[in-house]
Amino acid sequence: MKLLFDQNISFRVISRIQHNFNQAQQVRQLALENASDTTIWQYAKDNDYTIVTFDSDFFDLCSIKGHPPKIIWLRLGNTSTNYIAEIINQKAEIISDFIEKPEYESIACLEIR
């Protein structure tokens, strides 16, 4: 599965989730570090990524533009990269289902708390 982590999430999370999400990228790795949310949104859409973010702006874009891309909205507060990776790995099955299963096709945003 192709996850695209927003710039507010450290690129260091990628190495900690590779065993579950081997196609994960962070915007910095794709030269999108200072890109607008709309540019990141369009990149994700064009390249079949699901955006992982702390940013409510992506939820707002999702409400206006629909999906794809799907959004995983982390509602964890200020936390460590290790904890983010731990949560992503713990929720790997839920995330996979959200992205891939036809019964969740109409759902645009998964909130993780």
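Residues numbered from 1 in each chain as written. Predicted model: local features only at pLDDT ≥ 70, side-chain atom pairs only at ≥ 80, totals over all residues. Heavy atoms only, no water.

A.B. asks: Which residues make up the layout of surface pockets, and what values do they have?
C.D. replies: By rolling a water-sized probe across the atoms, one finds the places where empty space is left. Roughly 260 Å³ of internal volume is contained in the largest pocket. For the largest pocket, the lining is made up of 15 residues, of which D48, T50, P68, K70 and I99 are closest to its centre. Put simply, the parts of the chain that give the lining of the largest pocket at least two residues each are α2 (37-46) and α5 (92-100). Of the residues contributing to the lining of the largest pocket, the split by class is six nonpolar, two polar and seven charged. (1 Å grid on protein atoms, 1.4 Å probe; cavity = no way out; pocket = protein on both sides within 12 Å on 5 of 7 lines; lining within 4 Å. Points joined across faces, edges and corners; volume = space filled by probe spheres on them. Helix = DSSP H or I, 4+ residues; strand = E, 2+ residues; numbered from the N terminus. Nonpolar A, V, L, I, M, F, W, Y, C, P; charged D, E, K, R; others polar.)

A.B. asks: Tell me what's going on with the sheet that holds strand β3 (residues 50-53), and back it up with residues and numbers.
C.D. replies: Read from one edge to the other, the open sheet built from five strands follows the order β2-β1-β3-β4-β5, with strand pairing classed as parallel. The strands lining the two open edges of the sheet, one partner per strand, are β2 (25-26) and β5 (109-112). Where β3 and strand β4 (residues 71-74) come together, three bridges link them in parallel fashion. Note that in β4 the partner of I51 across the bridge is I71. Strands in contact with helix α3 (residues 56-65) are β3, β4 and β5; relative to β4, the strand with the most contacts, it is inclined by about 145°. (Pairing = 2+ DSSP bridges. Contact = heavy atoms within 4.5 Å. Axes fitted to C-alpha atoms, helices over the stretch in contact; angles between N-to-C directions.)

A.B. asks: Tell me what's going on with the packing of aromatic side chains, and back it up with residues and numbers.
C.D. replies: Considering all chains together, one arrives at two aromatic pairs under this definition. Note on F59 and W73: the rings are 5.0 Å apart at their centroids and 25° apart in plane angle, and the pair reads as stacked. Of the two residues, F59 sits in helix α3 while W73 sits in strand β4, which places them 14 residues apart along the sequence. The exposure class of W73 is buried, given its relative accessible area of 10%. The ring of F98 is capped by K70, whose NZ or CZ atom sits 4.2 Å from the centre of that ring. Across from the ring centre of W73, 4.1 Å away, lies the NZ or CZ of R75, which sits over that ring. (Phe/Tyr/Trp six-rings, centres within 6.5 Å; stacked < 30°, edge-to-face > 60°. Buried < 20%, exposed > 50% of the residue type's maximum accessible area, 1.4 Å probe, protein only. Lys NZ or Arg CZ within 6 Å of the ring centre and 35° of its normal.)

A.B. asks: I'd like a rundown of the pattern of salt bridges, residues and numbers included.
C.D. replies: Applying the stated rule across the entire model yields four salt bridges. Measuring nitrogen to oxygen at the nearest pair gives 3.8 Å for the salt bridge that ties R28 to E33. Here R28 falls in the partly exposed class, since its relative accessible area comes to 43%. Under the relative-accessibility criterion, E33 is labelled partly exposed at 34%. Between R113 and E111 there is a salt bridge; the shortest N-O distance is 3.0 Å. On the basis of relative accessible area, E111 is assigned to the partly exposed category, the value being 35%. Each of R75, E111 and R113 takes part in one network of salt bridges that share partners. (Salt bridge = Lys/Arg side-chain N within 4 Å of Asp/Glu carboxyl O.)

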